Amino acid sequence: MKVQDDRMAVSDEVRRALDERTTVEITTVGRRTGQPRRIETWRYRASGRYWLTGSPGARDWYANLAAHPAFTLHLAGRDVSAHARTVTDPDERARVFGEIVPGLDWAGSLESWIEGSPLVEIELD
């Protein structure tokens with residue numbers, strides 16, 4: 001029972017930290033080198049879940065997560081284990097970006113994000 005309570009407390013703390021930040025740091029495993037790569041990227045909330053994305057274009061962090069889905073999310077003074085679920089389904093991409101992009105006054109067209117932005121769901125371990 002104690003382990004489950006501890007996990008729930010950590011999860012609640014991590015979720016609060018995710019809710020407070022749009023910029024997060026993650027460490028991925030390099031798809032070619034196998035070495036850790038720590039970067040800063042954007043976090044959004046849509047459909048009650050957490051997502052990593054960026055403006056349209058190729059991203060090394062996305063390619064790394066596609067090759068090695070396990071990553072570390074650095075939040076609230078904690079290193080949190082997570083997994084990436086890359087989203088390639090056009091309908092799901094349209095739904096998620098349909099919630100994210102309209103709130104970004106600098107984002108450009110929704111269509112360009114659906115077609116060309118990385119999209120990863122954060123799945124906390």
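My aim in this report is to walk through the structure given alongside it, one point at a time. (Residues numbered from 1 in each chain as written. Predicted model: local features only at pLDDT ≥ 70, side-chain atom pairs only at ≥ 80, totals over all residues. Heavy atoms only, no water.)

## Description of the overall build of the protein
And step 1. A count of helical and extended segments in the protein gives 4 helices and 6 strands.
And step 2. Starting at the N terminus, the α and β elements of the protein follow one another as α-β-β-β-α-β-β-α-α-β.
And step 3. Taken over C-alpha atoms, the radius of gyration comes to 15 Å for the protein, in line with the 14 Å a tight globule of 125 residues would show.
And step 4. For the protein, the spread of C-alpha atoms along the three principal axes comes to 45 × 35 × 25 Å.
And step 5. When each of the 125 residues of the protein is scored for burial, the buried share is 34%.
And step 6. Partitioning the intrachain contacts of the protein with sequence separation of at least 6 by distance along the chain shows that 61% fall at a separation of at least 24. (Helix = DSSP H or I, 4+ residues; strand = E, 2+ residues; numbered from the N terminus. Rg over C-alpha atoms; globule rule 2.2 N^0.38 Å. Buried < 20%, exposed > 50% of the residue type's maximum accessible area, 1.4 Å probe, protein only. Contact = heavy atoms within 4.5 Å.)

## Quick look at the sheet that holds strand β2 (residues 36-46)
And step 1. What the 6 strands build is a closed barrel, ordered β1-β2-β3-β6-β5-β4; its pairing is antiparallel. Strand-to-strand, the axes of this sheet are offset by a mean angle of 45°, without reference to chain direction.
And step 2. By the bridge criterion, 3 bridges tie strand β1 (residues 23-29) to strand β4 (residues 70-75) in an arrangement that is antiparallel. If you follow Ile 26 over to β4, its bridge partner there is Leu 73.
And step 3. Running over the sheet, helix α2 (residues 60-67) touches β1, β2, β3 (49-53), β4, β5 (78-86) and β6 (119-124) and is turned about 50° from β1. (Pairing = 2+ DSSP bridges. Axes fitted to C-alpha atoms, helices over the stretch in contact; angles between N-to-C directions.)

## Here's the deal with the pairing of β3
The side chains of a regular strand alternate between the sheet's two faces.
And step 1. Burial within β3 is extensive, with 4 of its 5 residues counted as buried.
And step 2. Examined bridge by bridge, β2 and β3 share 5 bridges and lie antiparallel to one another. In the sheet register, Tyr 44 faces β3, and the bridge partner there is Trp 51.
And step 3. Counting the residues in the hairpin turn of β2 and β3 gives 2 residues, including Ser 47, whose phi is positive at 55°.
And step 4. For β3 and β6, the ladder comprises 3 bridges, and the chain directions are antiparallel. Counterpart to Thr 53 in the pairing with β6 is Leu 119.

## Some details on unusual backbone geometry
And step 1. A positive phi is found at Ser 47, a non-glycine position, where the angle reads about 55°.
And step 2. With respect to the helices and strands, Ser 47 occurs in the loop between β2 and β3.
And step 3. A relative accessible area of 39% means that Ser 47 is categorised as partly exposed.

## Points about the pattern of salt bridges
And step 1. The tally for this structure, following the rule as stated, stands at 6 salt bridges.
And step 2. The closest approach of N and O atoms between Asp 60 and Arg 31, which form a salt bridge, is 3.5 Å. Separated by 29 residues along the polypeptide, Asp 60 in helix α2 and Arg 31 in the loop between β1 and β2 bring together distant segments of the chain.
And step 3. Close ionic contact of Glu 92 with Arg 85 constitutes a salt bridge, the shortest N to O distance being 2.5 Å.
And step 4. Among the ionic contacts, a cluster of salt bridges with common partners joins Arg 49, Arg 85, Glu 92, Glu 121 and Glu 123. (Salt bridge = Lys/Arg side-chain N within 4 Å of Asp/Glu carboxyl O.)

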